[in-house]
Structure formats: structure tokens, C-alpha cells
Amino acid sequence: MSNLNSNVRKLYLFSFLQMSLFPMAIITLFWKDQIGLSLTQILLLQGIFSVAMLVMEYPSGYLSDRIGYRAALNLAALLGIVGWGLYAVASSFAGVLAAEIILGFSISFISGSDSALLFETLKKSGAEEQYAHHQGRMTGLGQIGESCGAIFAGLLYAAAPLLPFFIQVGVWVLVLLVTRSLVEPPRQIKATVSHLSEAWQSTRYALFDNKRLRYLILLNLVLGLASYYPIWLIQPYMQDNAVPLAWFGPIWAGANLSVALFALISRRSQLRLGDRSMVVVFVLMIVVGYLGLGLTGGLFSFLFYYLLTSMRGLRGPMLLSHAQQQIPSANRAGILSLQSLCFRLSFVCTGPLIGMLADRVGVQRTFLVLCVAFVLVLPPVVWLFLRQLKKNMPIYKE
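Conventions used here
Residues numbered from 1 in each chain as written. Predicted model: local features only at pLDDT ≥ 70, side-chain atom pairs only at ≥ 80, totals over all residues. Heavy atoms only, no water. Helix = DSSP H or I, 4+ residues; strand = E, 2+ residues; numbered from the N terminus. Rg over C-alpha atoms; globule rule 2.2 N^0.38 Å. Buried < 20%, exposed > 50% of the residue type's maximum accessible area, 1.4 Å probe, protein only. Areas by Shrake-Rupley, 256 points an atom, 1.4 Å probe, with all protein chains shown as cover. Lys, Arg positive; Asp, Glu negative; His and termini not counted. Charge placed at Lys NZ, Arg CZ, Asp CG, Glu CD. Core = buried A, V, L, I, M, F, W, Y, C linked by side-chain atoms within 4.5 Å. Contact = heavy atoms within 4.5 Å. Expected span 1.5 Å × (residues − 1). Bend = angle between axes of the 7 residues up to and from the residue. Patch = residues over 30% accessible without salt bridge, like charges linked within 9 Å, V, L, I, M, F, W, Y side chains within 5 Å. Salt bridge = Lys/Arg side-chain N within 4 Å of Asp/Glu carboxyl O. pLDDT = per-residue confidence, 0-100. Axes fitted to C-alpha atoms, helices over the stretch in contact; angles between N-to-C directions. Parallel < 35°, antiparallel > 145°, perpendicular 65-115°, else oblique. Nonpolar A, V, L, I, M, F, W, Y, C, P; charged D, E, K, R; others polar.

**Digging into the overall build of the chain**
Link 1 in the chain: Along the backbone of the chain there are 17 helices and zero strands.
Link 2 in the chain: Its C-alpha radius of gyration of 20 Å places the chain within 12% of the 21 Å reference for a compact globule of 398 residues.
Link 3 in the chain: Dimensions of the chain, computed from the C-alpha atoms along their principal axes, are close to 55 × 45 × 35 Å.
Link 4 in the chain: Counting over 398 residues, the chain shows a buried share of 58%.
Link 5 in the chain: On the chain, roughly 15800 Å² of surface is accessible, and the fraction owed to carbon and sulfur atoms is 68%.
Link 6 in the chain: Of the side-chain charges in the chain, 29 are positive and 16 negative, and the distance between the mean point of each set is 7 Å.

Put into C-alpha cells, the structure is as follows:
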């Protein structure tokens with residue numbers, strides 16, 4: 001049991017390392033200035049990245065439930081090493097595309113597996129009610145890791161554009177050492193007659209049979225998109241507003257620290273405000289954030305982006321906790337991956353269109369268009385979710 005309990009600390013370290021992404025603070029500039037990509041191509045690239053994750057998202061979660069969460073995370077670490085290694089030698093759209101596809105596979109094996117491993121570890125220890133607390137810490141440490149990687153990213157990029165990518169390969173070697181030391185919790189797995197049939201049953205349960213889980217996935221999808229689009233638009237937005245290159249790393253670090261801080265206080269905020277008020281706060285942060293980015297346009301306008309990153313930190317532990325309570329152990333990673341799959345599919349369909357819009361009308365106006373879109377979409381989605389909360393559905397029992 002002591003070895004099993006060590007999983008929590010190791011998952012903290014895993015989250016910190018796997019999110020210590022040295023290239024992220026300058027990667028859009030790298031694509032534009034070193035590879036020569038337009039914003040349309042960049043969002044298309046991320047769309048293809050999402051397709052790679054889409055192809056593997058649910059199968060990887062389903063496989064993780066069968067071969068074990070530790071094995072899935074080991075495989076993710078190996079793919080991460082290969083993907084960042086390819087990035088270090090890429091010089092064209094095709095080279096970057098190959099690296100992104102492999103990294104997409106890597107993330108798909110992490111998606112759901114780390115959270116499922118944490119929940120099952122706590123469950124075996126009789127502490128599953130502490131899941132949101134520990135998930136918040138994992139999210140927070142992950143964002144702190146990305147902040148640490150970002151602080152000097154601009155300076156590293158200015159010294160040698162490929163230097164952040166070489167460092168990233170070394171980070172993922174450390175990730176592999178951590179995942180190999182994890183302990184697989186004992187679980188009861190039902191005998192499978194047909195993998196395809198069981199996969200369909202899990203999908204039907206999440207998207208059709210369990211209404212609370214269905215609308216939770218829908219709300220998480222829309223909130224996720226609201227915080228995801230700006231990740232790829234904020235760097236050219238800052239460039240358009242003459243933000244110095246040396247500021248890019250600290251600004252990115254600040255954004256991730258805001259995610260970390262609000263993830264750490266997510267559970268406390270939820271207990272104080274309640275689920276309904278928390279969801280209203282999410283909506284207000286999105287509207288004000290996008291309005292600020294779209295209506296201003298000065299040196300410090302990027303600060304409105306922090307509202308969106310703060311929302312991302314608040315909503316993650318809260319909505320994951322709700323989802324975990326509705327999911328059976330045998331299909332935990334698979335259904336969590338299904339949630340990510342829905343998000344990725346939505347981004348594949350919309351991301352390239354957002355990139356085309358940004359190329360045609362500019363990033364600032366694109367933020368205004370997105371603001372209007374979310375004002376129209378969020379109210380009915382929020383209403384569907386809150387209506388299910390009123391029904392006081394029980395926690396899933398094995």
C-alpha cells in the first residue's frame with residue numbers, strides 16, 4: 001500500500017515534467033518565422049494534430065484500461081521522446097507535421113490514464129473523496145512546470161531557435177524514468193467478449209444513457225475550446241501589438257501560473273460558491289476575456305488572456321471530479337479519453353476556420369467574432385448542464 005500511495009507524489013512530478021514545455025512560449029513564432037507557416041497553416045497543423053489524437057484518443061484510453069495505466073504512460077513517454085526529437089530536425093511543414101502526429105499519439109495515451117491512475121490509487125486507499133484536491137494539485141503543478149519552461153524561452157529562442165526543442169527531449173527522458181516507477185493499482189476488469197461491443201457500450205453510456213455525463217462532456221467541450229483557441233492566437237496578437245520578444249517567455253509563464261493558481265483553489269472555490277455560481281463565473285470570464293482582447297489592442301492587452309487561462313484552471317478539477325463520479329472503474333480511462341476525443345473533433349472542425357478568419361481580418365477582430373459565438377453557444381449548454389445538477393444523481397457504484 002505504501003508503494004501504491006507513492007503514486008500520488010510521482011503523478012505530481014509527472015504532471016510537472018510533462019507540462020514543462022520549453023518550446024510552447026515561442027512555438028507559433030517558430031512556425032511562422034523559421035518554418036514559414038501562415039496562421040491558416042498553423043491552425044491546420046493543429047487540426048491535423050487533433051486528428052492524430054482523435055484517431056488514438058478513445059482506442060488509447062480503452063487500451064489503457066486493459067494493459068494498465070502505467071504501461072500506457074510509459075508508451076506515452078517513449079512517443080514524446082521520438083516526437084520532440086523529430087521536431088529538433090524538422091525544417092518544413094511535412095517535418096513538423098510528422099512530429100506533431102507522434103506527439104498527438106503521445107498525449108492521447110496520457111489523456112485519461114493519469115487521471116484514472118490517480119482516482120484508482122485514491123480509491124484503493126479509501127480517499128477517493130480527495131480526488132478533486134489532488135487533481136487540482138496535479139493541474140497546478142503541470143502549469144507551474146510549463147511556466148518554468150517558458151520563463152527563458154524567448155531568450156533561448158533568440159540564442160538558437162532549436163535550443164528549446166533539444167532541451168525538451170531531455171525532459172521527456174526524465175518523464176520516462178518517472179512513469180517506469182509508478183505502481184499499477186489492482187482493479188477488477190470484466191472479461192471482454194467483444195472489444196468493439198464493449199467500446200460501443202461505454203460510448204452509449206457516456207453520450208446517451210447518462211444525461212448528466214453527456215451534458216458535462218458538452219459543457220467541458222465548449223469551455224475547453226474557449227481557452228484553447230487563444231493559445232495559438234495570442235503570440236501573433238502580442239507580435240501585432242509590439243510586445244518585445246523577451247517578454248514572451250515571462251508572459252507565457254504568467255499565463256500558466258494563473259492556470260496553476262486557480263486550479264489549486266478550484267475545489268475551495270467550488271465548496272464556497274457552489275457548482276451553479278462557478279459555471280456562471282466561467283461564462284463571465286470568457287466574455288470579458290474575449291471582449292478585452294478584441295476591443296483593446298495595446299501593449300498590455302494580453303492581460304485579458306489571463307482571464308481565459310484562469311477559467312481553464314478553475315473548471316478542470318471541478319468538471320473532472322463530476323465526471324469521475326459518474327464513470328465505472330473498468331472503463332474510466334476510456335470514457336475520459338472519449339471526452340477528450342469530442343473536444344479534439346470539435347477543434348478539427350473549427351480550428352482551421354478560425355485560422356483562415358485570423359489571416360483575413362486579423363487576430364484582434366477574430367477575438368471579437370469568437371466572443372459573439374460563445375455568447376450565443378454558452379447559455380443553452382450551461383442550462384442543460386445545470387438542469388441535470390438539480391436531479392441529484394447518485395455517484396456511480398461498482
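Next comes the rest of the account.
**Considerations on the nonpolar core**
Link 1 in the chain: Counting residues in each nonpolar core, the largest one holds 120 residues, and the members touching the most others are Trp31, Tyr87, Leu213, Trp232, Ile286, Tyr290 and Phe374.
Link 2 in the chain: The dominant element in this core, judged by the number of residues it contributes, is helix α11 (residues 211-240), at 17 residues.
Link 3 in the chain: Those residues in contact with leucine 213 that sit more than four places away from it in its chain are Tyr205, Ala206, Ala323, Gln326, Ile327 and Ile335.

**Description of helix α17 (residues 363-389)**
Link 1 in the chain: Taking 1.5 Å of rise per residue, 27 residues should cover 39 Å, and α17 covers 37 Å from first to last C-alpha, within 8% of that figure.
Link 2 in the chain: At leucine 378, α17 is deflected by roughly 30 degrees, the largest bend along its length, and proline proline 379 occurs up to four residues later in sequence.

**Here's the deal with a nonpolar patch on the surface**
Link 1 in the chain: On the surface, Trp247, Leu299, Phe300 and Leu303 cluster together into a nonpolar patch covering about 370 Å² of accessible area.
Link 2 in the chain: In this structure, leucine 303 sits in the loop between α14 (275-295) and α15 (305-324).
Link 3 in the chain: Given the relative accessible area of 44%, leucine 303 is considered partly exposed.

**Thoughts on the confidence of the model for the chain**
Link 1 in the chain: Here the chain shows a mean pLDDT of 84. Residues at 70 or above account for 92%.
Link 2 in the chain: Across residues 394-398, confidence stays below pLDDT 50; counting only partners more than four residues off in sequence or on other chains, it has 12 contacts.

**What to know about the packing of helix α7 (residues 131-151) against helix α12 (residues 245-264)**
Link 1 in the chain: Axis separation between α7 and α12 bottoms out at 7 Å; the angle between their running directions is 170 degrees. Taken together, the axes of α7 and α12 are roughly antiparallel relative to one another. Residues Gly136, Arg137, Thr139, Gly140, Gln143, Ile144, Glu146, Ser147, Ala150 and Ile151 of α7 form the contact with α12, whose participating residues are Gly249, Pro250, Trp252, Ala253, Asn256, Leu257, Val259, Ala260, Ala263 and Leu264.
Link 2 in the chain: Split into classes, the residues belonging to the contact of α7 with α12 amount to 11 nonpolar, seven polar and two charged.

**Thoughts on α14**
Link 1 in the chain: Taking 1.5 Å as the rise per residue, α14 with 21 residues should run 30 Å; its terminal C-alpha atoms sit 30 Å apart, in good agreement.
Link 2 in the chain: Taken residue by residue, α14 has Asp275, Met278, Val279, Phe282, Met285, Ile286, Gly289, Tyr290, Gly292, Leu293 and Gly294 as its buried positions.
Link 3 in the chain: Along its buried surface, α14 packs onto α11, α13 (266-273), α15 and α17.
Link 4 in the chain: Note on α14: the residue one or two positions beyond its end, glycine 297, has a positive phi of about 160 degrees.

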